[in-house]
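# Chains, contacts and geometry: an overview
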Amino acid sequence: MTTYKNHHVVIPDQVIVYQRAKSSMYQARLKHPTENGYIVKSTKKKDLSDAIKTAIKMYGELSYKIERDIEIKEYSFRDLYKLWWETERETKSEARAKYIEGTAKRYLIPFFLKHLQNKKITALNDKDFDNYFKWRKNYWTSQDGQKQLESQTKRTNNKGKYRHSKLGNIAKVPAFKTLQMEQSLLKQIFWFAHRRGIIDRNPYIKAPKPHGMKNMEKSRRPAFTEDEWRIIYTELRSWVKEGIDLKQPRVKGKFASDHLDQPPAKRVNKMHQHQREMCRHYILFMGQSGLRPNEARQMRWRDIKTNPQNRLQYIYVRPTTKTGERDTYPIQSAFNTLDRLRSISRFAEPDDLVFVNYYGKVHTNFGKTFKSFLTDHNLLVDQLGRDRTIYSLRHMYATFRLERGDVSIEALAQNMGTSPKMIYDHYRHITTHRLSEQLVQIAPKENKAELDALN
């Protein structure tokens, strides 16, 4: 102990406190209760009596962890996330992994590292998690969020690698569903910590539900009516053709310049044309199949199969999607859309993705393009003020199938990869309309006198 000074025994053979030669802070050396060796930690106290109290508390906490088989190592959130992700990464799909890594890097780690000053996870309390959601809701309007947005606008895009950032399409105020997804991610991480004995209890993690959200979890999903769907697939044809049929004036074989009476038409951008053509077929297919966006995103041409017994076509949904692999039977028009797309696609080999960008890679920008299309045609917002998205096409598919009355809730749920309860919760109003004639039938004869009296 040649480098020690002010050495004091707190508990004989168990705990001592001391100061290092070049520090006024007291250190605590704790004897491991069950193993050989010591644990050395700073008490962060300069006063001897305060240091002794802190050292005794440390030894009590150490003994408590040993008795309950709680891991002794102190973890920061970043340490915990890294350990959890090393264990869980291989169980996640590529889309899910990308979401988790992006959310952790952009929100979770900065909050615990900077906002909570790298607080040890054993010291976290429920209020810290409440504060996360407050911080998260205001992040993109805060100074840090604005600074990040400004830095992203200065980035240039390289050919074939234009997906540098999606911040241009980010919601300044996150939706409640977004916060719920981050709530679920935090719960997974801290439940893992509890199972591993890193923490002694599961913290209470709950995203605050906005006023007016009561019963919204079982509300009707924003979809499209038949008239609105007719507008969409009709307008998509002209939307794709915009600019394609323009003739570029020429003078002596060269493109006309601005000094001519007729201003030159803009040349057609092949990438832009491809984007619209692909997006049109994608929108049609989503409305005709009821697939989730990520299920369609992973679909390859070889996943279109035929049932050998009845010769009906179906689609194999890959196991890396949300609910795992299944076979699903879209309506026939979905396959007509795919046949038309295959005939014009530059990437139509069996292992090629069906919906791709100009370079044959997975396309990730359909949502933004669809939102712009809906905005231009006054279809973005439904009657309750909710924005429609690509996912609204799945809800439309479910609504139309139930309205036709040719499929049961159970069969539809199985085909769409969800539960009958989920279908019932969100589409039960359709069942009510289907049964309307039964519901208004005249009561049995024994009740006819009562009805006459009421009339």
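Residues numbered from 1 in each chain as written. Predicted model: local features only at pLDDT ≥ 70, side-chain atom pairs only at ≥ 80, totals over all residues. Heavy atoms only, no water.

### Concerning the nonpolar core
Ile232, Phe285, Leu338, Phe355 and Leu393 are the most contacted members of the largest nonpolar core, which totals 39 residues. Per-element tally for this core: the top contributor is helix α8 (residues 270-289), with seven residues. Those residues in contact with Ile232 that lie beyond four places of it in its chain are Phe224, Ile283, Phe373, Leu374 and Leu379. (Core = buried A, V, L, I, M, F, W, Y, C linked by side-chain atoms within 4.5 Å. Buried < 20%, exposed > 50% of the residue type's maximum accessible area, 1.4 Å probe, protein only. Helix = DSSP H or I, 4+ residues; strand = E, 2+ residues; numbered from the N terminus. Contact = heavy atoms within 4.5 Å.)

### Looking at helix α7 (residues 226-241)
Given 3.6 residues per turn, any residue in an α-helix points the same way as the ones three and four places further on. Helix length check: α7, at 16 residues, gives a terminal C-alpha distance of 24 Å against a target of 22 Å (1.5 Å per residue), a fit within 8%. Along α7, the sharpest kink reaches roughly 25°, centred on Glu235. Looking only at α7, the buried set comprises Glu228, Trp229, Ile232, Leu236, Trp239 and Val240. Its buried side turned inward, α7 meets α8, α11 (366-376) and α12 (391-404). (Expected span 1.5 Å × (residues − 1). Bend = angle between axes of the 7 residues up to and from the residue.)

### Topic: the packing of α7 against α11
Helix packing for two helices is described by the angle between their axes and how far apart those axes are. Direction vectors running N to C along α7 and α11 enclose 105°, while the axes themselves pass 12 Å from each other. Put simply, α7 runs roughly perpendicular to α11. Two secondary-structure elements touch here, α7 through Ile232, Glu235, Leu236 and Trp239 and α11 through Thr369, Phe373 and Leu374. Residues of the contact of α7 with α11, tallied by class, amount to five nonpolar, one polar and one charged. (Axes fitted to C-alpha atoms, helices over the stretch in contact; angles between N-to-C directions. Parallel < 35°, antiparallel > 145°, perpendicular 65-115°, else oblique. Nonpolar A, V, L, I, M, F, W, Y, C, P; charged D, E, K, R; others polar.)

### Structural notes on helix α1 (residues 48-67)
The first and last C-alpha atoms of α1 sit 29 Å apart over 20 residues, in line with the 28 Å expected at 1.5 Å per residue. Taken together, the buried positions of α1 are Ala51, Thr54, Ala55, Met58, Tyr59, Leu62, Ser63 and Lys65. Of the surrounding secondary structure, the elements contacted by the buried residues of α1 are β1 (4-11), β2 (15-20), β3 (26-31) and β4 (38-42).

### Description of the pairing of β2
Summarising burial for β2: five of the six residues are buried, a large majority. Alignment of β1 against β2, held across five bridges, turns out to be antiparallel. Bridging from a neighbouring strand, Ile11 pairs with Val15 of β2. Two successive antiparallel strands, β1 and β2, enclose a turn made up of three residues, where Asp13 displays a positive phi of approximately 65°. As paired elements, β2 and β3 share five bridges and run antiparallel to each other. Within β3, the residue paired with Val17 across the bridge is Ala28. Taking the residues that link successive antiparallel strands as the turn, the β2-β3 hairpin has five residues. (Pairing = 2+ DSSP bridges.)

### Points about the layout of surface pockets
Once rolled over the atoms, a probe with the size of a water molecule shows which space is left empty. Considered as a void within the structure, the second largest pocket measures approximately 930 Å³ in volume. The wall of the second largest pocket is formed by 29 residues, among which Lys41, Glu61, Lys65, Glu74 and Thr122 lie closest to the centre. Looking at the lining of the second largest pocket element by element, the count peaks at seven residues for α1. (1 Å grid on protein atoms, 1.4 Å probe; cavity = no way out; pocket = protein on both sides within 12 Å on 5 of 7 lines; lining within 4 Å. Points joined across faces, edges and corners; volume = space filled by probe spheres on them.)

### Quick word on the pattern of salt bridges
One pass over the structure, following the stated rule, counts 16 salt bridges. A salt bridge links Arg89 to Glu101, with the shortest nitrogen-to-oxygen separation between them at 3.7 Å. Linking Arg89 in the loop between α2 (77-88) and α3 (94-115) with Glu101 in helix α3, this pair joins segments that are 12 residues apart in sequence. The exposure class of Arg89 is partly exposed, given its relative accessible area of 26%. Each of the salt bridges in this network shares a partner with another, and the network as a whole consists of Arg292, Glu295 and Arg326. (Salt bridge = Lys/Arg side-chain N within 4 Å of Asp/Glu carboxyl O.)

### So, the side chain of Gln27
Within the secondary structure, Gln27 is located in strand β3. Looking at Gln27, the relative accessible area reads 7%, which means it is buried.

### Comments concerning the sheet that holds strand β8 (residues 313-317)
One open sheet accounts for three strands, arranged β7-β8-β9; its pairing is antiparallel. The open sheet has two free edges, formed respectively by β7 (304-306) and β9 (326-328), since each of these has just one partner strand. Within the sheet, the average angular offset between the axes of one strand and its neighbour, ignoring direction, is 40°. Inspection of the sheet shows β7 paired to β8 by three bridges, in the antiparallel sense. Bridge pairing in β8 places Ile304 opposite Ile315.

So far we have only geometry, and geometry alone does not tell us how the molecule works.
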